[in-house]
Amino acid sequence: MPEMFSEPMFYVITGIVAVVIALIFFLLGTAFRKMKAEKTIGSAETEAKRILSDAIQNAEARKKELLIEAKDEAHQLRTETDRDLRERRSEVQRQERRLQQKEETLDKKIENFEIKEENIAKRAKEVEAKLEESEQIKRSQLEMLERISGYSKEQAKDYLLSVLDGELTHAKAVKISEFEQRTKEESENIAREILSRAIQRCAADHSSEVTVSVVPLPNDEMKGRIIGREGRNIRALETATGVDLIIDDTPEAITVSSFDPIRREVARLAIEKLITDGRIHPARIEEMVAKAQADVNNTIKREGERAMLDAGIHNLHPEIVKLLGKLYYRTSYGQNVLNHSLEVCHLSGIIAAEMGVNVTLAKRAGLLHDIGKAIDHEQEGTHIQLGVEAAKKYKENEDVIHAIHAHHGDVEAKTVIACIVQAADAISAARPGARRENIENYIKRLEKLEEIANSFSGVENSFAIQAGREVRIVVKPEVISDDQMVIVARDIANKIENELDYPGQIKVNVIRENRAIDYAK
């Protein structure tokens, strides 16, 4: 064999044989599997037929059961539906019976209303007849009354109105008197106690208002030296100080005149320094005026600080302190403005303490209320406007600014602090001896007071007495009744308040007198 076939050929034949054997086995396996599959398919078809037959039998049985159940449910639904229909039918019948009853009730009510309307119409006719009858009776009674009284209808009406007016006047007068009396009893006691305590605890000095200062001289020869050659010294003094120097026949004295008190004080100090020094010439005058100005500035600062310490007020702006110091040289109606401001400050604090208000704020507002008077010579505007602007500029409290603005009534006082400052300012200005009033203004005020009183009808005469603190008014008794006196007094007082400026208060005293005079012969 090794010789007949080579090794490669052997391997090929072996492979072919193996493939044939494998193919034979494959065909055998396939035939076996086919036979097995056909057998399995046959049994499966038999099983499927059996299952299908069972399923058909079960379906028939289930169908019968479902039909039975459906019939039962349909029967039950029919029963429930019949029951619901019966219930709804009975409910509808009940509603119909109820509606029928309501219709019957409405018919009865309509009948009753018709009957009532007929009765009302009958009564209305009866009432109209009775009204007509009463009108006839009234007319006949009025005619009878007119015949008996002798008055026509209009005359009787006027008479009754006059009687009613008199009664109302009397009632009004009584009410006014009662109200005034009660108000006075309640308010005057409290106000009098507060103000009396404040006035007793605070009393400041006052000085006379002047626009000139007199400088004493050691001898009359000094007048010539002050005038200088061809008047150069006096011109230099007037130019440097801004005042007028009056040198007349007054022995050993010269007069310094100026509306600005600070300039007048600078000039006075400068002249006194020149007199003491003895060297009087333009250069020396300028030097002495500068020194006097420095002294006055120091005094202003010192007085401002003193006022701040006396008032117990802190944290004032330095410029406000300087303005306070300038008030030391200002007077108003003869009253020193700085002393007046301190007095208002203390009065405001006392009143605020009595009323339970912020004492420090009230004192601050009182101290600064006239601060504008320190600058009203330097700028245009009232001292109130200038004071408000200065307080706003230096960031003062809003209540303080409002108190400054309202202390003379330029605006309505909206805070308790403003009202307190108004009262304290009036007390300080109106207390006896505080201010010196010009005689001409004083006479005009009294004449105006009497003129206001005489402007009312029924006033026979009026007299201003007690330096204008009281006006006595004599009325005509045949024109003004006792009840009308109260109303006349109130009207006159209101007109005085609206038209006249005055310190303190004015008493209105109305007098009515009837006299019967006869003579025995």
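Above this text is the structure in question.
The following refers to the structure shown.

The rules we used
Residues numbered from 1 in each chain as written. Predicted model: local features only at pLDDT ≥ 70, side-chain atom pairs only at ≥ 80, totals over all residues. Heavy atoms only, no water. Buried < 20%, exposed > 50% of the residue type's maximum accessible area, 1.4 Å probe, protein only. Helix = DSSP H or I, 4+ residues; strand = E, 2+ residues; numbered from the N terminus. Pairing = 2+ DSSP bridges. Contact = heavy atoms within 4.5 Å. Axes fitted to C-alpha atoms, helices over the stretch in contact; angles between N-to-C directions. Parallel < 35°, antiparallel > 145°, perpendicular 65-115°, else oblique. Left-handed = near helix turned anticlockwise from the far one by under 90°. Nonpolar A, V, L, I, M, F, W, Y, C, P; charged D, E, K, R; others polar.

Judged by how many residues are buried, strand β3 (residues 253-257) sits mostly within the fold: five of five residues are covered. Neither face of β3 is left uncovered, since the one carrying Ala253, Thr255 and Ser257 and the one carrying Ile254 and Val256 both have all their residues buried. Bridging between strand β2 (residues 244-246) and β3 involves three bridges; their strand directions are antiparallel. Each bridged residue has a counterpart across the sheet, and for Leu245 the counterpart in β3 is Val256.

On to the environment of Thr299, then. Structurally, Thr299 is set in helix α6 (residues 282-311). Overall, the relative accessible area of 15% leaves Thr299 in the buried class. A C-alpha to C-alpha distance of 8.9 Å links Thr299 and Lys326, two positions 27 residues apart in sequence. Excluding its chain neighbours within four sequence positions, the residues that come into contact with Thr299 are Tyr328 and Tyr329.

Attention now moves to unusual backbone geometry. Residues other than glycine seldom take positive phi values, yet Asn315 does so here, at roughly 65°. Positive phi outside glycine occurs at Lys395, with the angle close to 60°. You can see Lys395 is positioned in the loop between α10 (383-393) and α11 (398-406). Accessibility expressed as a relative area gives 71% for Lys395, which makes it exposed.

For the pair helix α5 (residues 261-277) and α6, the least separation of the axes is 8 Å and the interaxial angle reads 125°. Overall, the two elements α5 and α6 adopt an arrangement that is oblique. Between α5 and α6 lies a crossing of right-handed hand. Two secondary-structure elements touch here, α5 through Ile262, Glu265, Val266, Leu269, Ala270, Lys273, Leu274 and Asp277 and α6 through Arg284, Ile285, Met288, Val289, Lys291, Ala292, Gln293, Asp295, Val296 and Ile300. A class-by-class count of the residues in the contact of α5 with α6 yields eleven nonpolar, one polar and six charged.

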